[in-house]
Amino acid sequence: MPPPLQAHRLLISHRRIPTPARRRFSAVSSVQSPPAKTLAPGPAASSILSIRESLLSGERSAAEITAEYLSRIRRTEPSVRSFIHVADSEAVREAEELDRRIASEGKDALGPLAGVLVGVKDNLCTANMPSTGGSRILEGYRPAYDATAVRRLREAGAIVVGKTNLDEFGMGSTTEGSAFQVTTNPWDESRVPGGSSGGSASAVSARQCVVSLGSDTGGSVRQPASFCGVVGLKPTYGRVSRFGLMAYASSLDVVGCFGSSVSDTATILSVVAGHDKMDSTSSSQNVPDYASELVSLDSLESKPLNGLRIGIIQETLGEGVDSGVATSIKAATLHLEQLGSVVEEVSLPSFSLGLPAYYILASSEASSNLSRYDGIRYGRQVSADDLNELYGESRSNGLGHEVKMRILMGTYALSAGYYDAYYKRAQQVRTLVKKSFEDALKRFDILVSPAAPSAAYKIGEKINDPLAMYAGDIMTVNVNLAGLPALVVPCGFVEGGSAGLPVGLQMIGSPFSEVTCVIADI
Amino acid sequence: MNAGLFFTTLHRPPLARFTTRAESAQATEPKAAPQSIQMATKEAAQLKMQGFEAVIGIETHVQLSTVTKAFCSCPYNYGSQPNSTICPTCMGHPGTLPVLNEKVVECAVKLGLALNCEISMTSKFDRKQYFYPDLPKGYQISQFDIPIAKKGYIDLDLPMEFGGGHKKFGITRVHMEEDAGKLLHSDSGSYSQVDLNRAGVPLLEIVSEPDMRTGIEAAEYGAELQRIVRYLGVSNGNMQEGSLRCDVNVSVRPFGQSEFGTKILLHKEGQADQIVQETRLWDESSQKTFTMRKKEGLADYRYFPEPDLPEVVLNNDYIDEIHKSMPELPEAKRRRYENMGLSMQDVLFLANDDNVARFFDSTLEHGSDAKLAANWIMGDIAAYLKNEKLTIDEIKLSPLELSELIASIKNGTISGKIGKEASPYFVLILVELIANGGTVKAVIEEKDLVQIADPAAIEAMVDKVIADNPKQLEQYRAGKTKLQGFFAGQVMKASKGKANPVLLNKILGEKLNAN
Ligand SMILES: [Zn+2]
């Protein structure tokens, strides 16, 4: 069984809290690894910092580190199937190049992510590397450019080790919606890793890469982070450039990060965040060094969270929520209270309205965003006698069931005569949701809830019941509607699998408060 | 849904309606009127005879001459190799996002102000969705319910040959959008190719109120719009290159029919008269329209706000700045010229061409008399331009030298005219200046065009001409005094135009009337 909550493994970052005991945190605690039966766990403190220290001390070369991860990928990939594409030869070449540079230019040449192997969700464009979005219609497609987030990682020295599996174009909550393969949960092979960024979450969980990028439109980073027991961060809308992210729902999409520790996740965010002239919706707000804001908690006596106001969203612990999940969340909040914070329940009356509004808005935007996959300029083209047949055949063969369903829903919602009843009304609901979060965040520094109503469920369990799958997104979609940042950290376990199944605590902050969020690793 | 069609469907039930699109390949550009408008002129004239009147509204697409496209940094040059100015963004590749070229907003505000519109301090972009191979994203970024400018009008003066008169036509809206690419069909018709060079090029769509009743009005509306965009420098307004495209909506109704007919009436009459609603295409070679699309229903473009672009928010300083930078527009120019005492004929000629107006204004700045400058520009200079197929900014004559020339006529140094004809001597100098440039003084010296002002020399020439033409002399003396012009011309010819016309006429008169 997993260890109980341990105070010393809780990291926080909160600028406003005067803590005499506060100090910069340099070592990173790790997430509980999945059982080692099929997956060899990495070193306990596998992290960006330990890689950096290895390279700096000369203890290990980038090539050795890369070889270690690649060998683990070879061993675990047959059962986990996190990757659609593994860029092994490129990774080896880049690592060797890095080693040569360290030899010739010295250690000053090390970028902040030098030698860090990252997995990149396959809906993020990578130059000259397959980028399919998990869709047949883009099978074999190789973009001409790197997504901004990917480019920034590479510029910081990171090595892209491969493209991770996802529900087609990000539409799904299990990664079963991939056109290519089903990814499994490293904690229990018979279960889903969550979705849509399931491959990115499982890859970090199985230590196939150090950190990974995902995308979050309605919970696609947070829910798989919870299912796979890793840290997942959905930044504020606009915090990270969407340039190069295959659009699902443009007004909701955010590039997010996964790591095995809060520190790693924060480091990645610092690298990828910031204004991008290629994305007019990206924010020009200053990007702090998130990781350096972290402080450790040595003891309960220090009450490091003194004065922090935490609101538990009432609506997220009621009916429909797995009792084990609710127990874990309550235990976590109790713990937060012991650390000095003031925990109260808060009601967000519009909470239940968010889910239908989300599905209308996301589907509407998707129906438009996916029009470009028409078989004309790139991707799969079915040869046909006339234009309509070309469109019809290319799209019906190239796009999967769930995607087609959402395109149809979205097309319907935007049609003349229905627009006001669906799209416009959903936008009104979105305004309400935003408002209710704004109000709550005036009273509380942080709002907490589960990241999902249950732990990881069985593969195939909800595949024929889309409504049940959609309902699972209830915890996360409101945050996208409101554009807020949210962090998911493992906070406990429920019965299941051979060693229990992880449960994630979702912490929601004010816009651009990524740094003032409590960042806990329980 | 389509704002451009509103008046034909709701408020003014038509008996017939057709839309033309001047998008066929065109051999020559008309002086002013788009072909579609020429067609409307013909149709309107026929209708009038049959007791009907036309109700005409025009949607115009103006392609902006910005350095880069609307939402990416590709350039656009008409006639480039297919698919040579494209990038992942304007090809609609996965993950790409539009970034608005601020010049597009500037051009839109300029045109909005020029058309006396209300400028929307906050406007937004929307997606207009349909599938077509020349539309890379499957939607066009446009503006739907909040255009950047609306509720304006255009002032114009109808040409004198069509009776003249000042007109004011309403402008419903001006909005920003992007152009689509082009389909190139194979000769065999078995395949088509897509050229995306034009995809993403910025356009302004200008929708007029259905205020025009005749083809002439429609033609002048188009011509005035073309002048305005050229004056503003926002577009070259060139129809052959597709920089200016007009969709003309024409509905037909009997004279005197109330504006708000009922649907039943429409339906009944529609059936009885077998009238169809269709889109007709103008064919330049046959000078006719033919059916392009029948029974055009209202397409559902599923417009919704473009989530990739923030709202366009303007402030008063920005608008004031643009206002200040704007040149004098055709209407203001026409009123100014009119106030100088020029005839409307002159006013229209001078003001309606940006280059001519600039030349004229510059000539005036050098001190010339407006009427004289107008006469020379509209007379010999215009004739020369027409002959040589040149525009006024392509000739070497500068406004300064024209004003010098006019000054020397005015102070009597040279005579501009003999009777009603331009003096050949003067024309020689003018042509030399137009063709080769230089100063008035230098041309006279270099080309040995110094005027012959020696009475004895002129007298000798006069004598010779009289001696050579005894028959005409006889007729003159028999009372046909008009022949003095003939003699003067012969003397001028003999002097290669250099004889001082005042002296010439004086001596010639004396000699002819000597007996
Ligand atoms: Zn481009």
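Look up a bit, the structure's there.
On a predicted model such as this, the values are computed, not experimentally measured, just so you know. (Residues numbered from 1 in each chain as written. Chains lettered and ligands numbered in written order. Predicted model: local features only at pLDDT ≥ 70, side-chain atom pairs only at ≥ 80, totals over all residues. Heavy atoms only, no water.)

### Some remarks on the overall build of chain B
Assigned secondary structure in chain B consists of 17 helices and 18 strands. Residue burial in chain B is summarised as follows: out of 515 residues, 53% are buried. Within chain B, counting contacts between residues at least 6 apart in sequence, those at least 24 apart form 72% of the total. When the accessible surface of chain B is totalled, it reaches about 23,800 Å², and 53% of it is carbon and sulfur. (Helix = DSSP H or I, 4+ residues; strand = E, 2+ residues; numbered from the N terminus. Buried < 20%, exposed > 50% of the residue type's maximum accessible area, 1.4 Å probe, protein only. Contact = heavy atoms within 4.5 Å. Areas by Shrake-Rupley, 256 points an atom, 1.4 Å probe, with all protein chains shown as cover.)

### Comments concerning the interface of chain B and chain A
Facing the 31 residues of chain B at the interface are 38 residues of chain A. Contact with chain A buries surface across chain B, with Pro94, Leu97 and Phe131 of chain B losing the most and accounting together for 23% of the total. For the pair chain B and chain A, the number of links is 1 salt bridge. A salt bridge links Asp308 of chain B to Arg242 of chain A, with the shortest nitrogen-to-oxygen separation between them at 3.1 Å. Linking chain B with chain A are 20 residue pairs in polar contact (both at pLDDT 80 or more). Broken down by secondary-structure element, the contributors of at least two residues to the side of chain B that touches chain A are β5 (126-129) and β15 (304-305) of chain B. (Buried area = accessible area lost by both parts, 1.4 Å probe. Salt bridge = Lys/Arg side-chain N within 4 Å of Asp/Glu carboxyl O. Polar contact = N/O pair within 3.5 Å; in protein donor to acceptor, adjacent residues only side chain to side chain.)

### Things to note about the packing of helix α9 (residues 354-365) of chain B against helix α11 (residues 399-410) of chain B
In helix packing, the relevant descriptors are the interaxial angle and the interaxial distance, both defined with respect to the helix axes. Residue and element names in this part refer to chain B. Put simply, α9 and α11 touch, their axes get as near as 8 Å, and they point 55 degrees apart. When the interaxial angle is binned, α9 and α11 end up oblique. Along this stretch, α9 crosses α11, giving a crossing that reads as right-handed. Contact residues: Phe359, Ser362 and Thr363 in α9; Pro399, Leu402, Ser403 and Ile406 in α11. When the residues that make up the contact of α9 with α11 are grouped by side-chain class, the tally is 4 nonpolar, 3 polar and no charged. (Axes fitted to C-alpha atoms, helices over the stretch in contact; angles between N-to-C directions. Parallel < 35°, antiparallel > 145°, perpendicular 65-115°, else oblique. Left-handed = near helix turned anticlockwise from the far one by under 90°. Nonpolar A, V, L, I, M, F, W, Y, C, P; charged D, E, K, R; others polar.)

### Focus on the sheet that holds β5 of chain B
Backbone hydrogen bonds are what pair the strands of a sheet, in a parallel or an antiparallel way. If you trace the 3 strands from one edge of the open sheet to the other, you get β6-β5-β15 (chain B), paired in antiparallel fashion. Two strands bound the open sheet, and with one partner strand each, they are β6 (139-142) and β15 of chain B. Packed on one face of the sheet, helix α9 (residues 354-369) of chain A meets β5, β6 and β15 of chain B and runs near 60 degrees to β5 of chain B. (Pairing = 2+ DSSP bridges.)

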